[in-house]
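Structure at a glance
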Amino acid sequence: MVGSVAGSNEGWSSRIGVILATAGSAVGLGNFLRFPGVAAEYGGGAFMVAYFTAFLILGLPICWAEWTLGRLGGQKGYNSTPGIFFAVTGRPVFKYAGIIGVIIPVIIYMYYVYIESWCLGYALNFALGNMSFQSVAEAGSFWGDFVGIRENGAALGFGVKQVGVFLLLVFVLNFVLVFRGLAKGIEFFCKYAMPALIVIALIVLVRVLTLGTPVADRPENNVNNGLGFMWNPEKTILEEKSTSADGRETWTRVREVVGKASVAHAMAEAESNPGLRFRRVTAWEQLKNPQLWLAAAGQIFFSLSVGFGVIITYASYLKEKDDVVLSGLAATSTNEFCEVAIGGLTTLPAGVAFLGIAGVAGMGTFGLGFNVLPMVFSKMPAGNLFGFLFFFLLFLAAATSSISMLQPGIAYLEEAMRLNRRQSVALLGFITAVGCGFVVYFSQDIKALDTLDFWVGTFLIFLLATIQIILFAWVFGVDRGLEEAAKGAAIRIPAFFRWVMKFVCPLFLLSIFFLWFLFNVLGYSPQTGQAEVSAYVKDLAGDNPNLVARMSVGLILLTALFMAFVAWLSPRYRQAGNVKGRRP
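Residues numbered from 1 in each chain as written. Predicted model: local features only at pLDDT ≥ 70, side-chain atom pairs only at ≥ 80, totals over all residues. Heavy atoms only, no water.

1. Comments concerning the overall build of the protein
Along the protein, the regular secondary structure elements total 23 helices and three strands. Its C-alpha atoms give the protein a radius of gyration of 24 Å, within 12% of the compact-globule value 25 Å for 584 residues. A principal-axis box enclosing the C-alpha atoms of the protein has dimensions of 80 × 55 × 50 Å. Scored against the burial criterion, the 584 residues of the protein give a buried share of 58%. Summing over all exposed atoms, the protein offers an accessible surface of approximately 22,200 Å²; the carbon and sulfur share of this is 63%. The positive charge centre, built from 42 side chains, and the negative charge centre, built from 35, are 11 Å apart in the protein. (Helix = DSSP H or I, 4+ residues; strand = E, 2+ residues; numbered from the N terminus. Rg over C-alpha atoms; globule rule 2.2 N^0.38 Å. Buried < 20%, exposed > 50% of the residue type's maximum accessible area, 1.4 Å probe, protein only. Areas by Shrake-Rupley, 256 points an atom, 1.4 Å probe, with all protein chains shown as cover. Lys, Arg positive; Asp, Glu negative; His and termini not counted. Charge placed at Lys NZ, Arg CZ, Asp CG, Glu CD.)

2. As for the side chain of threonine 236
Within the secondary structure, threonine 236 is located in strand β1 (residues 235-243). Here the side chain of threonine 236 touches valine 257 through a polar contact of 2.4 Å, landing on its backbone oxygen. (Polar contact = N/O pair within 3.5 Å; in protein donor to acceptor, adjacent residues only side chain to side chain.)

3. Points about the packing of helix α18 (residues 383-417) against helix α19 (residues 421-441)
Axis separation between α18 and α19 bottoms out at 9 Å; the angle between their running directions is 125°. Judged on the interaxial angle alone, α19 and α18 are oblique. The two elements α18 and α19 meet at a crossing, and its hand is right-handed. Across from Leu406, Gln407, Gly409, Ile410, Leu413, Glu414 and Met417 in α18, the residues of α19 making contact are Arg421, Ser424, Val425, Leu427, Leu428 and Thr432. Along the lines of polarity and charge, the residues of the contact of α18 with α19 split into seven nonpolar, four polar and two charged. (Axes fitted to C-alpha atoms, helices over the stretch in contact; angles between N-to-C directions. Parallel < 35°, antiparallel > 145°, perpendicular 65-115°, else oblique. Left-handed = near helix turned anticlockwise from the far one by under 90°. Contact = heavy atoms within 4.5 Å. Nonpolar A, V, L, I, M, F, W, Y, C, P; charged D, E, K, R; others polar.)

4. Examining the environment of alanine 123
Mapped onto the elements, alanine 123 comes out in helix α6 (residues 100-127). Sequence-wise, alanine 123 and leucine 389 are 266 residues apart; in three dimensions their C-alpha atoms are separated by 7.1 Å. Residues within four places of alanine 123 in sequence aside, it is in contact with Phe388, Phe391 and Phe392.

5. Some points on the packing of aromatic side chains
Under the defined criterion, the tally for this structure stands at 50 aromatic pairs. Between the aromatic rings of tyrosine 412 and tyrosine 573, the centroid separation amounts to 6.5 Å while the plane-to-plane angle is 5°, which identifies the pairing as stacked. Within this pair, whereas tyrosine 412 is found in helix α18, its partner tyrosine 573 is found in the segment after α23 (547-569), the two being separated by 161 residues in sequence. In this structure tyrosine 412 comes out as buried when scored by relative accessible area, which is 0%. Classification of tyrosine 573 by relative accessible area gives buried; the value is 0%. Geometrically, the ring pair formed by tryptophan 499 and phenylalanine 503 is stacked, given 5.6 Å between the ring centres and 15° between the ring planes. Of this pair, tryptophan 499 and phenylalanine 503 both sit in helix α21 (residues 496-521), four residues apart, which is roughly one turn of the helix. In this structure, arginine 498 is placed above the aromatic ring of tryptophan 499, and the distance from its NZ or CZ to the ring centre is 4.8 Å. (Phe/Tyr/Trp six-rings, centres within 6.5 Å; stacked < 30°, edge-to-face > 60°. Lys NZ or Arg CZ within 6 Å of the ring centre and 35° of its normal.)

If you want it as structure tokens, here you go:
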């Protein structure tokens, strides 16, 4: 694997390097913050059934398709998603679909680097002993001040308890690494950052699993109940009866109950109060919830970085006989270990041990990561040390992901505009600095960040993943694709995946996309059968539109128009005759 692709000045120096870089792209904040919260919200054990199903019929097939298409495009002299789509199909129109694979990482980087700076800032503040909180509300207040959530422009401070200086540090670090190139920058950093990340994660995990029952007068708040809340396939809940105006009776959840003592108490409550009932919810009943499957598929996309435009770009720097099947499997396995075995056993159990189930349920990614956990670490013996380690771990995870988001843009600008590395880094640095400045300035209620994440970090990722698997299985041809993947492979993709990639994966993706649009755009609720257009749509076209949301979508459209204009002007994408084995 040592060397570069045909006609390219860049390449990976080793197989372990590309695997760690790809795994580093996938391993991010979603592994340690988003995954535990989503898994617990949608049933723990039941969610894992849907999660691993999505992994097999979405994650792995799309991952292998990206690795295969990327390597093939690289052999034809192209490293960007527009170029690879053009090279693989021989049809210039596909370059415009490939532009999505540049827009996604560039836009996500604009707000992801902001979150990355939170992690570094929290790590330093724990090291300095500035993180002593008596309640989640107090920790939340610190976070609000740190990120400027109360008013626009408040995040621009440069004190140690403000995000400004940390944002500058991580922004510069990321571009220095990307400027150094694949082998000397990204690969070099990931070779050290990924092992360090895993070691630190294991240290924090051991500390969490040995917490026991840290609050003596709340014996139900313990690590075992936290693990039960996270992983039990069957849920036990307490529900309350209510009567609507038309006389219909409905039952709504009051709380989930975990642990023998808590279950016995809840059963006694229900027996003494006819307005309450104790109920067990089976895994099968939970799996009937379509929103659970939507959440599982969404987590797989976040987990594996499929549909981001990153893996396909990384794979384009491989040589023709480099193994894409085993390398893809190794990278996804590393990510799943970090997510399931470490993230799933660390975050929520720690929160439950100090706050109980009610204290962590429904907190969301930011609430759990930057409100609950800082308070938990501040209460823990040697909490400043473990708080520093945990947030430094998050910083490393965010850094390996954020530098990967820059390479697709760099590759595209160098390829389409014939820029050298210095010029492409300067241009992309300017574009992302403007976008990041926009996100940081409009920090009130993190509206800009949230809007960009919804339309790009969710909608466009689903769209690109769908395009990629259809291109691989139907346009390029699934049989040709599997033969291409087999070149230099130690193991072949199992024949079972031929049908998965051609039929199951596209249909499942289209179904998930439909459900996402139904629930998250149209606002349909399967519980009530009613629909109300989501806040994201109302922000753009409602009776009281939000200016920041509109400007955020405008930023996306301006970026898309610029990238499309570059593709339209580039002579490299004009006709199929430009597709060669080497760069012209």
